[in-house]
Amino acid sequence: MSHLVAVLAGDGIGPEVTHEAVSVLQAVRPDLRFEEALIGGAAIDSVGEPLPAATLDLCRKASAVLLGAVGGPKWDKLEPVTLRPEVGALLPLRRELNLYANIRPAQTMTPLLHASPLKEERSKCDLIVVRELTGGIYFGQPRGRQNEGATALDTCIYHKHEVERIARRAFEIALTRRSVLVSVDKANVLETSRLWRETVDVVAQDYPQVSLSHMLVDNCAMQLIRDPGQFDVILTENMFGDILSDEASMITGSLGLLPSASLSDAKEGSVFGLYEPVHGSAPDIAGQDKANPIAAILSAAMMLDLSFSDQSGAAKIRNAVEEVLSEGIRTGDIYEEGSRLVGTKEMGRLIQSKL
Ligand code: NAD
């Protein structure tokens, strides 16, 4: 049976980079089927709402979702706030599809080692942050203001089952890599972190092949800069993961290179996920053939790897990207003297030519 991929191109550079990612997927996996649906500002303009029911329906029947980006100045100030692309489309999409596991790899590519803000000898890293995405302080109740606005309140709550399922996901990912897992918390202070640590230890018993250690979040923030090469998989809760994944991703150099996955549970034997570049819709360069499509293309590679268990297809895409970069071919965001400047389409075409 051929897999259906829902393609939500969205706004700004979303359609440009998604087009290249779909072409790359078609080159590697001619058996995949693609169907497009509206999201974000494009959906507001067309049908008056950022996340139409038809889009959700398509996502639910698909095996995986490929998202470009949403948002832009035309829609970012709409009232009520639930009409805006990010609040009205991305957040409900993640909630509705139960995308509780956010996976953000940070891998320095050899041709771009010097693009890292760290010294070249320290910048080599190949790690994945596994972040819990639908619990913790971003969702806990009660929240809000008291005392005539002078007191603010957020609540951090974790339930054992939420920790268990994200931990299991991190162990499974570790098994496909170097099998070294660091669970990050603040167990010296927070009760939720102590539950987190206890639960991760219990899940670890099912994965004796994985080496598990615990690290406090402040130490982890420091270790990521001191020696990012020590990490393989970092497992952490929602807010710590938000911060650490941004920190880790900058080690690799550019926003235009970074893919991500947000995963739910297995559906008919395969893991359901939404794959998207980490960057936004970049309205400043939209429609100009300037966007770097590599983050979207590497997100497609993650889809093959995680949703379709096609590690060989994913590796082909990653190798093709690295080959093109090692030939000195660059989009504007990673351009350096002596390299060959190309646009979005040409970068996509060259990557496809290596497949
Ligand atoms: P952005 O990531 O869109 O852009 C930041 C800067 O990076 C810009 O200068 C842009 O030109 C550049 N850039 C981003 N991606 C690039 C690429 N692939 N190639 C080359 N250069 C690239 O962030 P922003 O400007 O803060 O946000 C713009 C819009 O995107 C806003 O409406 C924001 O809400 C939205 N946004 C959406 C998502 C998402 O859909 N997941 C994520 C972040 C921001």
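In what follows, the structure referred to is the one given above.
Because the structure is predicted, anything quoted here is derived from the model rather than measured. (Residues numbered from 1 in each chain as written. Predicted model: local features only at pLDDT ≥ 70, side-chain atom pairs only at ≥ 80, totals over all residues. Heavy atoms only, no water.)

Novice: Looking at this model, I keep getting lost on the nonpolar core. Mind explaining?
Specialist: Nonpolar side chains tend toward joint burial in soluble globular proteins. Ranked by internal contacts, the top residues of the largest apolar core, which has 65 residues, are I103, V130, L235, Y275 and I351. Per-element tally for this core: the top contributor is helix α9 (residues 294–306), with ten residues. For L235, the residues in contact, after removing those within four places along its chain, are V130, I166, A167, A170, L181, V182, S183, V184, W196 and V200. If you look at the next biggest cluster of nonpolar residues, it comprises 20 residues, including A6, L8, L93 and F272. (Core = buried A, V, L, I, M, F, W, Y, C linked by side-chain atoms within 4.5 Å. Buried < 20%, exposed > 50% of the residue type's maximum accessible area, 1.4 Å probe, protein only. Helix = DSSP H or I, 4+ residues; strand = E, 2+ residues; numbered from the N terminus. Contact = heavy atoms within 4.5 Å.)

Novice: I keep staring at the site of the ligand and nothing clicks. Help me out?
Specialist: Around the ligand, the structure places 21 residues, and the nearest of them are D76, E86, G280, A282 and N292. In the environment of the ligand, an oxygen atom lies 2.7 Å from a nitrogen or oxygen atom belonging to the backbone of G280. One of the side-chain nitrogen or oxygen atoms of D284 is found 2.9 Å away from an oxygen atom of the ligand. Surface burial for the ligand is 71%, taken as the share of its 810 Å² of free accessible area covered by protein chains. Across the shell around the ligand, the residue classes break down as nine nonpolar, seven polar and five charged. (Near = heavy atom within 4 Å. Polar contact = N/O pair within 3.5 Å; in protein donor to acceptor, adjacent residues only side chain to side chain. Areas by Shrake-Rupley, 256 points an atom, 1.4 Å probe, with all protein chains shown as cover. Nonpolar A, V, L, I, M, F, W, Y, C, P; charged D, E, K, R; others polar.)

Novice: I would appreciate a short explanation of the side chain of S260 in the present structure.
Specialist: By secondary structure assignment, the location of S260 is in strand β11 (residues 259–267). There is a polar contact of 2.9 Å between the side chain of S260 and the backbone oxygen of E276. With near-sequence residues (within four places) excluded, S260 lies in contact with I103, R104, L274, Y275, E276, V278, S299 and M302.

Novice: Can you walk me through the pattern of salt bridges in this structure?
Specialist: Side chains bearing opposite charge may pair, as long as their charged atoms lie close to each other. Counted under the stated rule, the structure contains 24 salt bridges. With a shortest N-O distance of 2.9 Å, D31 and R29 are connected by a salt bridge. A salt bridge links R330 to E336, with the shortest nitrogen-to-oxygen separation between them at 2.8 Å. E336 sits in the partly exposed class, given a relative accessible area of 22%. Because the salt bridges share partners, they merge into one network encompassing D126, R177, R178 and D232. (Salt bridge = Lys/Arg side-chain N within 4 Å of Asp/Glu carboxyl O.)

Novice: Can you help me understand the pairing of strand β10 (residues 233–236) in this one?
Specialist: Along any regular strand, the residues point their side chains to alternate faces of the sheet. With burial as the criterion, each face of β10 is covered, one bearing V233 and L235 and the other bearing I234 and T236. Inspection of the sheet shows strand β5 (residues 126–132) paired to β10 by four bridges, in the parallel sense. Among the inter-strand pairings, V130 is bridged to a residue of β10, identified as L235. Sheet analysis places strand β8 (residues 180–185) next to β10, joined by four bridges and oriented parallel. The partner of S183 across the bridge, within β10, is L235. (Pairing = 2+ DSSP bridges.)

Without other data, these values stay purely geometric and don't point to any function.
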